[in-house]
Amino acid sequence: MNLNPFGMNSLPSQSALETAGSGAAQIAQLFYVMVAGAVVIWAVVIGLAVYALWRPGRHDPRSTRLLVIGGGAVMPTVVLTGLLFYGLSFLPELQRPAPEGSQVIDVSGARFWWRVAYRLPDGRSVEAANEIHLPAGEAVEFKLTSEDVIHSFWIPSLGGKVDMIPSRENRLKLHPQVPGRYRGVCAEFCGASHAHMAFDVVVHPRERFDRVLAELAQPATPPEDPQTRAGQAAFLSLGCGACHQIRGTQAAGRLGPDLTHFGSRLSIGAGELRNTPENLRHWITRTHDIKPGVEMPAFENLEADELEALVAYLEHLR
Amino acid sequence: MSDAEETRRPDDGEPRDGEPRDQEPREQEPRGEAPAGSAERLLKAWHTPEGWRYWSAVNNSEVGLWYTLAAFAFFLFGGVLALVMRIQLAVPGNDFLTAEQYNQVFTMHGSVMMFLFAVPILEAISILLLPQMMGARDLPFPRLSAYGFWCFLIGGVFVCGSLFFGVAPRGGWFMYPPLTTEYHEGVGPDIWLLGLSFIEIASIAAAVELIVGALKCRPPGMRLNLIPLYAWYILVVAVMILFAFPPLIAGDMLMELERAADWPFFDAQRGGDPLLWQHLFWIFGHPEVYIVFLPSIALIAMIVPTFARVPMAGYGWIVLAAVGTGFLSFGLWVHHMFTTGLPGITIGIFSAASQAVAIPTGVQLFCFIATLLIGRVVRSVSLLFVLAGLATFIIGGLTGVMVAVAPFDYQAHDSYFIVGHLHYVLVGGTIFPIMAGFYYYYPVVTSKQLSERLGTVSFWLMLIGFNVAFFPMHLSGLWGMPRRVYTYAEGLGLEIPNLISTGGSFVLAAGLAVFLWDVLRPKSKQPLVKRNIWNAGTLEWVAEVPDRPWGIRSIPIIKTRYPLWQQPNLLADIDAGRFYLPDAEEGLRETLVTSAVDAEPMQCLRVPGPTFLAMFAAVFTGGVFIFSTYHWWWAAGISGVLSLGTILTWLWTGTAQIPEKSHKDVGLGLTLPTYVSGPRAVGWWAMLITMLGDITAYISLVFGYFFFWTVHETFPPQQFDGRPVIGPGTLWPMVALALAGAAWAAVLGARRSNRKDRAGAFYGTLVLAIVLAASAGVAFVWGPLARGMDPTHHAYSAIVCVLVLWTVLHLAVAIVMLLYCGARRLAGRMDGRHDADIVNVTLYWHFMLLTAAITAMVIGLFPLVS
């Protein structure tokens, strides 16, 4: 349900009211109930105040004392107690860890991107970045931390947010229901490009999720033609591998996002640009115009053919 | 006589609910006339300095006015920053501002609005009006008010100025580490930490002033259950400031030590924890909301009865609710941290507490509505703003209840929903009531009236503009827009709500511009207002037209809550000088000090007159903070010495002066002492209140120690980073405690010897106390020093060193105080009967001993039991 009348959204949903997960759906329900109550309370109180200003004649102090005690103390106590029980009744389910055997995903925030690692049943894990694939209809357990400052992990359409704090591990369970694409963002101010720290979320039916995870677990596709071979050579000679990992090559850097399956990703620069060759050229040469304060240096002076080869190579890493 | 008739309560005289019963007059009834020439003498004593010396004024009416204007100027500055942000956010991907510029602007917007506008303006209005409401001629410490104002102005200009050099803080008004400790080079965060700490100290100074003012400077007979509701609210708020600001100052101190000296309080790599800052910040930050909100409600509580033409319904309920709100507000801070990964039980408790605070708020709102229902309402622009304030604030309160429900907060937290919520609370709960207050009190201050026509225009522009600007933010937040983003992506459906918000913000600004024009437009041709223009019932409306600098012609006996309505002939008797202190025979500025509960007259207090010392002291104190920002330690040190010298000169010349006569006839046959010490003296109360704030800051540091204890499995740790973690041991802290205890006993001895006028014994014990205190300081430092503690090693080492540092600095201050007492006696300014100095210093020493004892036990003994 698209509740934003200004919709025609060209990006995947980032709305807490377009729910696609159990947590978000429950919270949205809580929200609508509270809004209804709030509207009634506001209308009654303000109606009373306006009536007091505009009505003729005066009122008996005794009846107004009842109003103060009844309206000011008793009513709020009753309403708030009810709301507290109703509201907190959602808490145990939201906080309960995903059942044993659920998919566990480690996500850590870094200025200004997301390191993602899917834990496999055999104890290994599959590393990726800035894009999270989830199985529909199953609870998923996230283990969240940060590599530098405090970030906050928020996929509004699936559920609430949890902060990512250095040297602490927080957890969050999400329970996506509807396959589709969604958008997550950093919700805690983390510096210059806090506004550019997003990620893509793709919810798949279970079989498809298994396939995607198996593909992500594979090492990178080797270059196949002269251009991609030149691109790989450029990648290594320019020193990109000092920060980026491409499994199956000598590039094994840990400071920046893993690029093993970069070509299959929906976006570049942590949700910043759609993943097209044109945008990638733009990103490599004018990084800081797009995303101020990011650690990656801009490669402004690359030869045109070197840039083309690099882009071709990266886009080929599917 | 006709004056009094006119201003008597315009209602019929039947007793109403909540009004006090008539009491037996305990004082003599006013009679006779004031002595000839007394009015001239009184005017001369309270004459406001002219020309360039005008700026040496310390009287509450001048300082309060400057303070109000300065705070309002900072409000306009913060408002312009808000418009700049709204321009940037009008369209997605805008490049009007860069990310760093925007981050500086939003940080400054929040900091300016909170620290340079919301808290100061309410203190400013109180400094201006509180004495008038209580028939006092001034607050008890005029120079302290002036010092606070100059500190505020200097600090505020310094902090705001940084924006024009592009070096402003950019970590948000909440300044979360490690972003602000490890990732922000340059002076920005230091400007925030030091500049605002400086202003927070000024806020605490004003709080001390207002508490003592409200408790001790009331007119005779105005018992606590008769004081204007405004004074009750200010009392509650000032006490809240006293306990809320110190944790932030302690946090600022820790963060500045981490930034300047690498003591790792918030560095998770070295045993620190960034969440410690969040706790300290929000223990301050949540009460802060009510510190800002309650004084505005206080204005409403004055305005509503006047325009309803009846006393406020449910006086006792309102007082109880205000105290309850203040109390509860200290138990809510964790709701700002619901998403930090807390256990469910903590979340449940703080959810419940956060909702409970809505109950006293509801009581207050319903009392206002009940008063309007009982009365015969006269409409005015003031009342319009009151109503707008209530309507807006209730929306903010209701969304507040929503976010207090933790599950909803998981979605709403740090989204634009919160931006909408907090502006509904603060604009509804603060700005609109202050606007109402401006329209209401403008005639008291200037003897002219603001235009009701322009006021109505301003009202509608502001009300509509505000709602258009902020209502859509609730939606943009839930549609996924996080807070503190300098831009947002196209295609998320956020374009139109943001454009609407920007449009609304300019309508709101237009409303403020109309108001500003109304205030600034020339009014020389406009006639003076009638005295007590709104026919109000409280004492501030005694103010004459045009106003006179003496505050009130004579200080009346008060027996009712709305004396101008309920005490016949009061105004005429006041004007005829038939009450207390109608004269200034000695040409001195005098006001009455009364007992805290029953307002029995206790002392004729001489308050100091104009001086530049307060301004100089503020300039030098400012120098300490400003030079420290740039690490110019020498300049900071020199500034510190000059500041200390100026403050001592001010104390020496302005406080605890031995009067020319011990008692004085204050009128109506009452004779009062002119010098008192101990709990009867306002200075003693000021020391007590200041030290309560001081010990709160200290307890916040101790909280840090035990917070680390809870987050570490072994604390103190044995080993870290390949070397053993060294503590101060047990011996030296215990030696230090014993020495501090002996010094305390010597101080008691010195006080005793002074009272008995045994000069030799006095100087002997005083010197002994100084030597013991100095030795205690050395012993405190010796433990860590001799064992080679490195404060940069681990958070444990750092927190121990900061406790020692705090204690030693307090010992140094204690020694200066003892030297001062010795000099006072040597100079003949203190003797057995006039012993306020040593009595106040003894009070300081009680807290000193407590501090030393806690430090010694925490650092020396706790490691043995943990």
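Residues numbered from 1 in each chain as written. Chains lettered and ligands numbered in written order. Predicted model: local features only at pLDDT ≥ 70, side-chain atom pairs only at ≥ 80, totals over all residues.

Draft legend 1. Spotlight on the overall build of chain B. Helix and strand counts for chain B come out as 26 helices and 6 strands. The C-alpha radius of gyration of chain B comes to 28 Å, within 12% of the 29 Å expected for a compact globule of 866 residues. Taking the principal axes of its C-alpha atoms as reference, chain B extends roughly 85 × 85 × 50 Å. Counting across all 866 residues of chain B, residues that qualify as buried make up 61%. For chain B, the proportion of contacts with a sequence separation of at least 24, taken over those separated by at least 6, is 82%. (Helix = DSSP H or I, 4+ residues; strand = E, 2+ residues; numbered from the N terminus. Rg over C-alpha atoms; globule rule 2.2 N^0.38 Å. Buried ≥ 20, exposed ≤ 12 C-beta atoms within 10 Å, placed from the backbone. Contact = placed C-beta atoms within 7 Å.)

Draft legend 2. Local environment of the domain arrangement of chain B. Residues and elements named next belong to chain B. Split by domain assignment, chain B resolves into domain 1 (61–326), domain 2 (379–522) and domain 3 (690–865). Placing a centre on the C-alpha atoms of domain 1 and another on those of domain 3 gives a separation of 30 Å. Taken together, the contact pairs 21 residues of domain 1 with 23 residues of domain 3. Those elements giving two or more residues to the side of domain 1 that touches domain 3 turn out to be α7 (188–216), α8 (229–261) and α9 (274–308). A total of 8 residues in the side of domain 1 that touches domain 3 trace back to one element, the largest contributor, which is α8. In terms of residue class, the side of domain 1 that touches domain 3 is built from 15 nonpolar, 3 polar and 3 charged. (Domains from an automatic or database assignment. Nonpolar A, V, L, I, M, F, W, Y, C, P; charged D, E, K, R; others polar.)

Draft legend 3. Expanded view of the environment of Leu 266 of chain A. With respect to the helices, strands and loops of the structure, Leu 266 of chain A is situated in the loop between α5 (226–237) and β11 (267–268). The contacts of Leu 266 of chain A, once residues within four sequence positions are left out, are Glu 131, Asp 200 and Asn 275 of chain A.

Draft legend 4. Inspection of unusual backbone geometry at higher detail. Cis rather than trans, the peptide bond between Arg 111 of chain A and Phe 112 of chain A has omega equal to 0°. Its location among the elements puts Phe 112 of chain A in the loop between β1 (103–110) and β2 (113–119). Residue Pro 178 of chain B is reached from Pro 177 of chain B by a cis peptide bond, and omega for that bond is 0°. As for its placement among the helices and strands, Pro 178 of chain B is situated in the loop between α5 (142–161) and α6 (179–182). Residue Asn 569 of chain B is not a glycine yet carries a positive backbone phi of 65°. Summarising the element assignment, Asn 569 of chain B is placed in the loop between α18 (563–566) and α19 (570–575). What makes Asn 569 of chain B partly exposed here is the crowd of 15 C-beta atoms within 10 Å.

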